[in-house]
Amino acid sequence: MSTSSTLESTVWQGARRRIHLQDVGPRDGLQMEQAFVPTADKIALVDLLSTAGLAKIEVTSFVSPQAIPALRDAEIVLREIRRAPGIVYTCLVPNLRGAERAIEARADELNLVMSCSETHNLANLRMTREQSFAALSAVVALAQQAQVAVNVSLSCAFGCPMEGDVPAEVVLDWAARFVALGARGITLCDTTGMAFPTQVAALTRGFRERFAGTELTLHFHNTRGMGLANVLASIDAGADRFDASLGGLGGCPYAPGASGNVCTEEIVHALELMDYDTGCDLPVLLQAAHRLPALIGHDIPSQIAKAGRRLDLHAPPPDFASWRDRALARG
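Residues numbered from 1 in each chain as written. Predicted model: local features only at pLDDT ≥ 70, side-chain atom pairs only at ≥ 80, totals over all residues. Heavy atoms only, no water.

Residues and numbers for the pairing of strand β4 (residues 109-115), please.
Each regular strand shows side chains that alternate between the opposite faces of the sheet. For β4, a buried count of seven out of seven residues is recorded, marking the element as mostly surrounded by other parts of the structure. In the sheet, strand β3 (residues 88-92) pairs with β4 via three bridges, with the strands oriented parallel. Its bridge partner lying in β4, L92 is registered against N111. Chirality of the crossover, the property in question, places the unit of β3, helix α5 (residues 96-104) and β4 among those that are right-handed. Pairing analysis gives seven bridges linking β4 to strand β5 (residues 149-155), with the strands arranged parallel. By the bridge assignment for β5, L112 is matched with V152. (Buried < 20%, exposed > 50% of the residue type's maximum accessible area, 1.4 Å probe, protein only. Helix = DSSP H or I, 4+ residues; strand = E, 2+ residues; numbered from the N terminus. Pairing = 2+ DSSP bridges. Right-handed = clockwise from strand over helix to strand, strands pointing away.)

Quick rundown of the packing of aromatic side chains? Include the residues and the values.
Applying the stated criterion across every chain, the model contains four aromatic pairs. Relative to W174, the ring of F133 lies with its centre 6.0 Å away and its plane at 55°, an arrangement referred to as tilted. In this pair, F133 is assigned in helix α7 (residues 129-146) and W174 in helix α8 (residues 168-181), connecting sequence segments 41 residues apart. For the pair formed by F133 and W174, the shared burial category is buried. Considering the side-chain rings of F207 and F211, the 4.9 Å spacing of their centres and the 55° angle between planes classify their relative orientation as tilted. The same class applies to F207 as to F211, namely buried. Put simply, the rings of F133, W174 and F178 touch in pairs and so form one group of aromatic residues. Positioned above the aromatic ring of F36, the side-chain terminus of R72 is 3.8 Å from the ring centre. Sitting above the plane of the F133 ring, R177 keeps its charged end 4.1 Å from the centroid. (Phe/Tyr/Trp six-rings, centres within 6.5 Å; stacked < 30°, edge-to-face > 60°. Lys NZ or Arg CZ within 6 Å of the ring centre and 35° of its normal.)

Tell me about the side chain of S153, and please be specific about residues and values.
Its place among the elements puts S153 in strand β5. Dropping the residues within four chain positions of it, S153 is found in contact with N111, L112, V113, M114, T187 and C189. (Contact = heavy atoms within 4.5 Å.)

I'd like to hear about the state of the cysteines, residue by residue, with values.
Summed over all chains, the structure comprises zero disulfides. Its sulfur unpaired, C160 is 4.8 Å from the next cysteine sulfur, which belongs to C156. On the accessibility criterion, C160 (1% relative accessible area) is buried. (Disulfide = S-S within 2.5 Å.)

Quick look at the structure:
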């Protein structure tokens, strides 16, 4: 095989392959913020994201307002957004009560969460993994009765900050139990930014081989600077669906030093330069990202929001013409 044909078959040549981007910023991003973003501004932000060509938007979380006061307006936001055809409007639900609230507010999908790590699950949810599975099984049954799709996000799929590595077999076995219940999709979450590319590729391939008919999403954080590398590794292994967060917002309270999710506009910018089809309107995403600092009261991690796109060119310095003339005069 020639060198050129080898290159054409790798992740480096997108060849217009479709990659589905799902923005989790309105939930995963805003829940970590100290400032309460006004309800009308949340709705306007989701409405703007709805024009950007995303496959899915995680609008909010139906948790206790005491637990996450930043999202205490979940019902209003989900009911009042303008829904665009073809976009799935999902929300996180922790239990039956949250599921009931979300279904009543017309969620397209319920996103359920538990950890592959026993220690992290206890720290984050105050339950053992088996207790979480029992509780979420009841939520799946309720969703099926209401004909609402279910996605299950498995936290710490690539490592736990308290236990270390989580065996791939453990992750896949938990996925199998939820697939058997009828979950439409599974998200493998790099909750604390411990994933690295070769690990990501191996787990992605293992999942695709075992659950070929199940929708797979990868959810990466950029805690150790490997977010984009992990996205590319999983694309190379057959993945085509990714969570990302507008502006790079997000984090994890149980991972010291954890940074936000991979940044939606940065991932779109990189993949489109590599000739992938993300379906996204990058200028609209940047418009939305530029709104964030005023809403949350501080700067955002997004490098594209700061530096602009690769070919967003700048005017030469004011004295450029005279410099050129002097240079040419010297022969």
